[in-house]
Amino acid sequence: MAGEPQDDCLFCKIVAGQIPATVVRETATTVAFRDINPQAPTHVLVIPKVHHPDIAALATAEPAVTADVLREAGEVAAEEKLDSYRVIFNTGSGAGQTVFHAHAHVLGGRGLQWPPG
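Let us look at the structure shown here.

How each quantity is defined
Residues numbered from 1 in each chain as written. Predicted model: local features only at pLDDT ≥ 70, side-chain atom pairs only at ≥ 80, totals over all residues. Heavy atoms only, no water. Helix = DSSP H or I, 4+ residues; strand = E, 2+ residues; numbered from the N terminus. Buried < 20%, exposed > 50% of the residue type's maximum accessible area, 1.4 Å probe, protein only. Pairing = 2+ DSSP bridges. Axes fitted to C-alpha atoms, helices over the stretch in contact; angles between N-to-C directions. Contact = heavy atoms within 4.5 Å. Salt bridge = Lys/Arg side-chain N within 4 Å of Asp/Glu carboxyl O.

Moving on: unusual backbone geometry. Among all residues except glycine, the phi angle is most often negative; among peptide bonds, the trans geometry is most common. Unlike most non-glycine residues, Lys-81 shows phi in positive territory, near 60 degrees. For Lys-81, the position within the fold is in the loop between helix 3 (63-79) and strand 4 (85-88). The exposure class assigned to Lys-81 is exposed, which follows from its relative accessible area of 69%.

Another aspect to go through is the sheet that holds strand 5 (residues 104-108). The sheet built from five strands is open, its strands ordered 1-2-3-5-4 with antiparallel pairing. Only two strands of the sheet have a single neighbouring strand rather than two, namely strand 1 (23-26) and strand 4. Put simply, the sheet's adjacent strands are angled 20 degrees from each other on average, direction ignored. Taken together, the five bridges between strand 2 (residues 30-34) and strand 3 (residues 42-48) define a ladder with antiparallel strand orientation. Within the sheet, the bridge partner assigned to Phe-33 lies in strand 3 and is Leu-45. In the packing of helix 3 onto the sheet, the strands contacted are strand 1, strand 2, strand 3, strand 4 and strand 5, and the crossing angle to strand 3 comes to about 155 degrees.

Oppositely charged side chains are able to pair whenever their charged atoms sit close together. For the structure shown, the criterion picks out five salt bridges. Salt-bridge contacts for Arg-25 lead to Glu-79; the nearest nitrogen and oxygen are separated by 2.6 Å. Note that Arg-25 is positioned in strand 1 and Glu-79 in helix 3, a separation of 54 residues in sequence. Its salt-bridge partner being Glu-80, residue Arg-34 comes within 2.7 Å of it at the nearest N-O pair. Remark: Glu-80 occurs in the loop between helix 3 and strand 4 and Arg-34 occurs in strand 2; sequence separation between them is 46 residues. A single salt-bridge network, built from bridges that share partners, covers Arg-25, Glu-72 and Glu-79.

Structure below.
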């Protein structure tokens, strides 16, 4: 069921404390942790504690939690002292989504080209 933890979800296991992560921030509704395969000097993932497969599903079911994810992305950037940064939501395998639990990538600490390829 949407919103409920999934036994086979890596990010649900991080939320539950079953898999370790380098957590940089945590709120009642979100967890932010360093990506294990960083694509920039700062690469932090911000995830909702509730399980939804992608950002569109999260936004439809729980718009307030979606806002929490975005707010936390900004807080991560501020704590990391990023003057500029990118927030990315990959949706679907064709866009590079590999964990089907909604999440934001906060990237910064170097110049980021546009368009991203």
